[in-house]
Amino acid sequence: MGLFDGLKRDKKPAETVKHDEPELVENEIEDEISIDHIEVVERSVPTKVEETAPPPKPLKSFKDKAPVRHVVGQTKVIAIINQKGGVGKSTTAIDLSAALGELGKQVLLVDLDPQGNASSGLGIEKSQVSNCVYDVLLNDVPIEDVIIPDVYEGLDVVPATINLAGAEVELVSEMARENRLKDAVGSLRGRYDYIFVDCPPSLGLLTVNALVAADKLLIPIQCEFYALEGVTKLLDSMKRVKTRLNPTLDIFGVLLTMYDGRTTLSRQVVSEVKNYFGKAVFSTLIPRTVKLSEAPSFGQPITQYDPMGKGAQSYTDLAKEVIQRG
């Protein structure tokens, strides 16, 4: 007798359960609803108003510049330079220039970086720019025809567009290729207190033009692990230019950026840079803040975007140091 024989024996056949299905009524009559007496009311559906950005303001020309309210002293041409990228060159160029303008100085910012970050960071619409610094260097366009005046208080800009990307190659065959920017900027001495040149992160011909045109160098160094990497090559290039092309070239100051006082690394980098450069290092430290990173996307310097924040205060303090150094 198998194990499951009892179960098989006791198993009853399944009963078929019949469900009473409702009979279909073919000629079911539904109550008819008369709609003749209903008044149709037409509603006006409000159309969605498309949000359109206001058209960009037309760019002014140099002849429309507001009159200068103070006597400009000796013009100082300062190149903001570091061959390493991401150290805060363009941020410093924008925010230091704007801070000096708010302190009553006349400032010209020359964007010499093909990426054009200094131009876009100040809200300049590149599609409206007919001539840029490229045309000054290679097409003999007077720099006055390229200057966009009064971008912010006391601040004028020589913008850069993507055209500048080809300048490195095109300058190779040009006569006096290292002196192109120096000749252009020389005509502006006496009109501005400071002329800042935002340099590209390389040591090509554009950077050499900045080294020849500048009186001094401002070197931003970020408070990170490879802080001094590449700075020695920059100093070697500076020495060669000083020997052969620009005898007065020297370091104006070294600026420590992206400082975070909570980390031991930042404090160690500050100590190391001060030991290396000595008194050339600015006392002001530029902190790492979200607002400093956000401001360029709104086309504003930090002094406009977050005037009460740590970033704005630090660049205002830096501007005062720059004025003190003469």
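Residues numbered from 1 in each chain as written. Predicted model: local features only at pLDDT ≥ 70, side-chain atom pairs only at ≥ 80, totals over all residues. Heavy atoms only, no water.

Q: I'd like a rundown of the nonpolar core, residues and numbers included.
A: One finds Leu96, Phe196, Val197, Ile221 and Phe277 to be the most contacted residues of the largest nonpolar core, which totals 89 residues. The dominant element in this core, judged by the number of residues it contributes, is helix α7 (residues 205–213), at seven residues. (Core = buried A, V, L, I, M, F, W, Y, C linked by side-chain atoms within 4.5 Å. Buried < 20%, exposed > 50% of the residue type's maximum accessible area, 1.4 Å probe, protein only. Helix = DSSP H or I, 4+ residues; strand = E, 2+ residues; numbered from the N terminus.)

Q: Lay out the sheet that holds strand β8 (residues 281–287) in plain terms, naming residues and giving numbers.
A: Reading across the sheet, the eight strands line up as β3-β4-β2-β5-β1-β6-β7-β8 and stay open at both edges, with mixed pairing between neighbours. Looking at the sheet topology across the chains shown, the edges are occupied by β3 (148–152) and β8. In this sheet, adjacent strand axes meet at a mean angle of 25° when their direction is disregarded. Sheet topology places strand β6 (residues 216–222) next to strand β7 (residues 250–259); seven bridges connect them, and they run parallel. Opposite isoleucine 221, over in β7, you have leucine 256 as the bridge partner. (Pairing = 2+ DSSP bridges. Axes fitted to C-alpha atoms, helices over the stretch in contact; angles between N-to-C directions.)

Q: Residues and numbers for a nonpolar patch on the surface, please.
A: Taken together, the side chains of Phe225, Tyr226 and Leu265 define a hydrophobic patch exposed on the protein surface, amounting to about 350 Å² of accessible area. Summarising the element assignment, leucine 265 is placed in helix α9 (residues 264–277). (Patch = residues over 30% accessible without salt bridge, like charges linked within 9 Å, V, L, I, M, F, W, Y side chains within 5 Å. Areas by Shrake-Rupley, 256 points an atom, 1.4 Å probe, with all protein chains shown as cover. Salt bridge = Lys/Arg side-chain N within 4 Å of Asp/Glu carboxyl O.)

Q: Which residues make up the packing of aromatic side chains, and what are the values?
A: Per the stated rule, a full pass over the model turns up five aromatic pairs. Centre to centre, the rings of tyrosine 276 and phenylalanine 277 are 4.9 Å apart; their planes meet at 70°, and the pair counts as edge-to-face. Its relative accessible area of 46% is what places tyrosine 276 among the partly exposed residues. Its relative accessible area of 12% is what places phenylalanine 277 among the buried residues. A ring pair is formed by phenylalanine 298 and tyrosine 305, whose centres lie 5.0 Å apart and whose planes are at 25°; its orientation type is stacked. With a relative accessible area of 52%, phenylalanine 298 lands in the exposed category. One cation-aromatic arrangement involves lysine 76 over tyrosine 194; the distance from NZ or CZ to the ring centre is 5.4 Å. (Phe/Tyr/Trp six-rings, centres within 6.5 Å; stacked < 30°, edge-to-face > 60°. Lys NZ or Arg CZ within 6 Å of the ring centre and 35° of its normal.)

Distances and angles like these do not, on their own, reveal function.
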